[in-house]
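Letter by letter, the chains look like this.
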Amino acid sequence: MREDKLLRYTLRVDRLLFKKFRYIAESEGRSANREIEQYLKRRVAEFEKENGEIPLEDTP
């Protein structure tokens, strides 16, 4: 059986802030989920550039 690499995560955020965020995502041609993923990727890349690669154990 193939292990799914996607993680489901519940995010609690101010409703008005999220509506504005969704507007931005849609203006970029992305879903809110994809926009969040892009922000996460950029932030991790910035952190690793400044601090080195983040070591991770192979965990399910």
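## Overview of the packing of helix α1 (residues 15–27) against helix α2 (residues 32–51)
- Contact pair α1 / α2: the axes reach a minimum separation of 9 Å and the direction vectors enclose 90 degrees. Considering their axes alone, α1 and α2 lie roughly perpendicular with respect to each other. Counted together, F18, F21, I24 and A25 of α1 and A32, E35, I36 and Y39 of α2 form the full contact between these two elements.
- Residues that form the contact of α1 with α2 fall into these classes: seven nonpolar, no polar and one charged.

## Section: the packing of aromatic side chains
- A complete count under the given rule lists two aromatic pairs for this structure.
- Ring centres of F21 and Y39 lie 5.7 Å apart, and the angle between their planes is 45 degrees; on these two criteria the pair is classed as tilted. One end of the pair, F21, is in helix α1; the other, Y39, is in helix α2, with 18 residues separating them in the sequence.
- Judged by its relative accessible area of 38%, Y39 falls in the partly exposed class.
- By the ring-pair criterion, three or more aromatic residues cluster together here, those being F18, F21 and Y39.
- Its guanidinium or amino end placed over the ring of Y39, R42 lies 4.9 Å from that ring's centre, counting from NZ or CZ.

Calculation rules
- Residues numbered from 1 in each chain as written.
- Predicted model: local features only at pLDDT ≥ 70, side-chain atom pairs only at ≥ 80, totals over all residues.
- Heavy atoms only, no water.
- Axes fitted to C-alpha atoms, helices over the stretch in contact; angles between N-to-C directions.
- Helix = DSSP H or I, 4+ residues; strand = E, 2+ residues; numbered from the N terminus.
- Parallel < 35°, antiparallel > 145°, perpendicular 65-115°, else oblique.
- Contact = heavy atoms within 4.5 Å.
- Nonpolar A, V, L, I, M, F, W, Y, C, P; charged D, E, K, R; others polar.
- Phe/Tyr/Trp six-rings, centres within 6.5 Å; stacked < 30°, edge-to-face > 60°.
- Buried < 20%, exposed > 50% of the residue type's maximum accessible area, 1.4 Å probe, protein only.
- Lys NZ or Arg CZ within 6 Å of the ring centre and 35° of its normal.

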